[in-house]
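Residue strings, one per chain:
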Amino acid sequence: MRGRESHAVRDLHHKYGPVVRVNPEMVSFTGPTAWKEIYGYPGVKKFKKFGYRQLRPGVPDLLTANGADHARQRAALNRAFSDKALREQEHHFQEHIDLFLARLDEKCGQGQPLNVAQWIEFLAFDIIGTLAFSSSFNCLEDRGYHPWVLLLLNFFKSTHYVLAAKMCGIFSPLVLALGPIRDLRKGEEHLRRSYAKVQERIKMAEDDRRNDFWTYISRQNEQKEGSMSVEEMEVNAALLIPAGSDTIATAVTGCLYLLLKHPKTLERLRKELDAEFRSQTDITMSRLAGLPYIRAVVDEALRMYPPISGELRRAVPLEGAVVCGHFIPGNTIISVYALAAGDNASNFAQPKRFTPERWLTTDERPDWTRNDHLEASQPFSLGPRNCIGMGLAYAETKLILARLVFRYHLELLDDEFNIENQKVYLMWQKPPLSVRLSRRET
Ligand code: HEM
């Protein structure tokens, strides 16, 4: 309940090895094959999701749908997350980043500390508002949090308490009583607002430049009636907002923090960017896709600071099952914790050392990392229930990061952001990342 579960489970694995019973109901795994065995094939057929809450009872969203419902919704949404869709949506990302940089330009040369984590959060929420509803939250425009965004940040915490309570059997009411239960009502408010926005969106006239998620779903619905009902669109909108906002903000902020702590790595990244780009307008998603070092930086940051760091619960069927060579009795809950698997010396040599080079496929990969089990870091999970937004997340994270470090010198002013001291309530409770900014001569 203190927001230290991901760190505690990681530490238990350090002490006891790759299989740990972390509480009476749950066993956690960090072995390199664990992701595949539990979430990939054939594990996904055997181990069902446990403890997930439908946002609106009776209406499955993508995260909670099962079987045919999940396959149908995933197929419908896949179009909105295809490479083609991303290319058509790129102008939205670029326009929001233009405003983000314009806001940061105002802070340049003032000598004042700037909490850049907050501005990255504004940017990530504005982008997802545009993609999900064609309606930005306007945090950048207004230079502050939209009330809906604040409400969501509290909602993560309350959801965390509900999930924790589910693992406490008869003690659930006590756990809930300890948690910020009033924030649960904010969840209801989030749903109401999301449904209203979907209704508004449906009434909007066609526009070639819109290309939000529903542009693609509506086209599909016209071709194949009923591929997603309006009610399902509403609950999925309510899911996509939190799933696609704070995760991205965490990824970008984590990359930036780790780069600022490792100036030589930052220098190397800048070298890659300076060799490829002459100006901000050159920096596009497709050109970034060809650059190996920035991808390695993101992969390494996601290993050390995975946005979803905690458990992804699955239930073992009644007859029990063998996982990573161990027989696990029926009804046990099993999971991989991304932080525990990534920050683990059996999977990665010197796991606390930020080394993007370990992800390179060339001779530049250091010898001492050659035995790393790269497959043990799966920040997006894997298999048919993995993150549908993975391609978008890599493209968005790299675009924001590249445009930011190409434009500014950033001086880290303190270590308040230290990952080791942070708490996790579903999402990382990110402290300020204080920097001083000045423009580079590019
Ligand atoms: C760095 C950023 C991100 C990370 C690390 C991440 C991570 C994950 C993980 C671990 C899961 C599996 C959850 C589970 O099994 O319970 C997941 C699922 C999901 N993610 Fe992401 N995510 C990110 C960004 C996004 C974005 C940008 C979107 C959409 C705009 C998104 C939408 C979803 C959805 C809808 C699911 C449910 C998929 C399904 O069950 O079929 N995520 N994500």
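Residues numbered from 1 in each chain as written. Predicted model: local features only at pLDDT ≥ 70, side-chain atom pairs only at ≥ 80, totals over all residues.

Participant: How do you make sense of the overall build of the protein when you look at a structure like this?
Facilitator: A tally of helices and strands in the protein yields 18 helices and 12 strands. Against the globule reference of 22 Å for 442 residues, the protein gives a C-alpha radius of gyration of 22 Å, in line with a compact fold. Once the C-alpha set of the protein is aligned to its principal axes, its extents read approximately 65 × 55 × 40 Å. Taken over 442 residues, the protein has a buried fraction of 43%. The long-range share in the protein, meaning contacts at least 24 apart out of those at least 6 apart in sequence, stands at 73%. (Helix = DSSP H or I, 4+ residues; strand = E, 2+ residues; numbered from the N terminus. Rg over C-alpha atoms; globule rule 2.2 N^0.38 Å. Buried ≥ 20, exposed ≤ 12 C-beta atoms within 10 Å, placed from the backbone. Contact = placed C-beta atoms within 7 Å.)

Participant: Hey, could you run me through the site of the ligand in this one?
Facilitator: Not every one of the 22 residues close to the ligand is listed here, only the nearest: A243, G244, T247, C387 and G389. Broken down by secondary-structure element, the contributors of at least two residues to the shell around the ligand are α12 (230-243), α13 (246-261) and α18 (390-407). The class makeup of the residues in the shell around the ligand is 16 nonpolar, four polar and two charged. (Near = placed C-beta within 6 Å. Nonpolar A, V, L, I, M, F, W, Y, C, P; charged D, E, K, R; others polar.)

Participant: Honestly, the pairing of strand β12 (residues 434-439) in this entry has me stumped. Any pointers?
Facilitator: Along a regular strand, successive side chains alternate from one face of the sheet to the other. Direction of pairing for strand β4 (residues 114-115) relative to β12: antiparallel, over a ladder of two bridges. When the bridges of β12 are listed, L114 appears paired with V435. Alignment of strand β9 (residues 408-412) against β12, held across five bridges, turns out to be antiparallel. When the bridges of β12 are listed, H409 appears paired with S438. (Pairing = 2+ DSSP bridges.)

Participant: For this particular structure, what's the right way to read α18?
Facilitator: Turn by turn, an α-helix covers 3.6 residues, leaving residues three or four places apart pointing in a common direction. If you check α18, its first and last C-alpha atoms are 26 Å apart, about what 18 residues at 1.5 Å a residue would give, namely 26 Å. Counting buried positions along α18 yields 15 of 18 residues, so the element is predominantly enclosed. (Expected span 1.5 Å × (residues − 1).)

Participant: Can you walk me through the packing of helix α5 (residues 83-107) against helix α6 (residues 116-133) in this structure?
Facilitator: If you want to describe how two helices pack, look at the angle between their axes and the distance between the axes. Between α5 and α6, the shortest axis-to-axis distance is 10 Å and the interhelical angle comes to 150°. Between α5 and α6, the crossing angle belongs to the class labelled roughly antiparallel. Of the two elements, α5 crosses α6, and the hand of that crossing is right-handed. For the pair α5 and α6, contact is made by Q89, H92, F93, H96, I97, F100, R103 and L104 and by W119, L123, D126, I127, T130 and L131, respectively. Grouping the constituent residues of the contact of α5 with α6 by class yields eight nonpolar, four polar and two charged. (Axes fitted to C-alpha atoms, helices over the stretch in contact; angles between N-to-C directions. Parallel < 35°, antiparallel > 145°, perpendicular 65-115°, else oblique. Left-handed = near helix turned anticlockwise from the far one by under 90°.)

Participant: Would you mind showing me how to read the pairing of strand β2 (residues 26-29) here?
Facilitator: In the sheet, strand β1 (residues 19-23) pairs with β2 via four bridges, with the strands oriented antiparallel. Paired with R21 across the two strands is V27, which belongs to β2. The hairpin turn running from β1 into β2, its antiparallel successor, is two residues long. The sheet contact formed by β2 and strand β8 (residues 333-335) spans three bridges and is parallel. In the sheet register, V27 faces β8, and the bridge partner there is I334.

Participant: I'm lost on the sheet that holds β2 in this one. Help?
Facilitator: Two modes of strand pairing occur in sheets, parallel and antiparallel, and in both the strands are linked by backbone hydrogen bonds. Pairing is mixed in the open sheet, where five strands are placed in the order β1-β2-β8-β5-β3. Strand pairing shows two members of the sheet lacking a second neighbour, β1 and β3 (48-49), which therefore form its edges. Judged from the two bridges that link them, strand β5 (residues 314-315) and β8 form a sheet pairing that is antiparallel. The partner of A315 across the bridge, within β8, is I333. Helix α1 (residues 5-16) rests against β1 and β2 of the sheet, and its axis sits at about 140° to β1.

Participant: How should the environment of N331 be read in this particular structure?
Facilitator: Mapping N331 onto the fold places it in the loop between β7 (326-328) and β8. N331 sits 80 residues away from A251 along the chain, and the two C-alpha atoms are 34 Å apart. The residues touching N331, leaving out its near neighbours within four places in the chain, are A315, V316 and L318.

Participant: Looking at this model, I keep getting lost on the environment of D212. Mind explaining?
Facilitator: Secondary-structure assignment places D212 in the loop between α10 (182-203) and α11 (213-223). When neighbours within four sequence positions are excluded, D212 is seen to be in contact with T130, L131, A132, F133 and S134.

Participant: Got a minute to help me understand α1 in this structure?
Facilitator: Here α1 spans 16 Å end to end across 12 residues, near enough to the 16 Å set by a 1.5 Å rise per residue. Buried residues along α1 sit against β1, β2, α17 (338-342) and β10 (424-425). Downstream of α1 by one or two residues, G17 has phi in the positive range, about 100°.

Participant: Explain the nonpolar core to me, please; I cannot follow it from the model alone.
Facilitator: Inside soluble globular proteins, nonpolar side chains tend to come together where they are buried. In this structure, L123 and C255 are the most contacted members of the largest nonpolar core, which totals 88 residues. Considering every element that reaches this core, the biggest residue donor is α6, with 13 residues. Counting residues in hydrophobic clusters, the runner-up holds 23 residues, among them V22, F50, L339 and A376. (Core = buried A, V, L, I, M, F, W, Y, C linked by C-beta atoms within 7 Å.)

The analysis is restricted to geometry; functional conclusions fall outside its scope.
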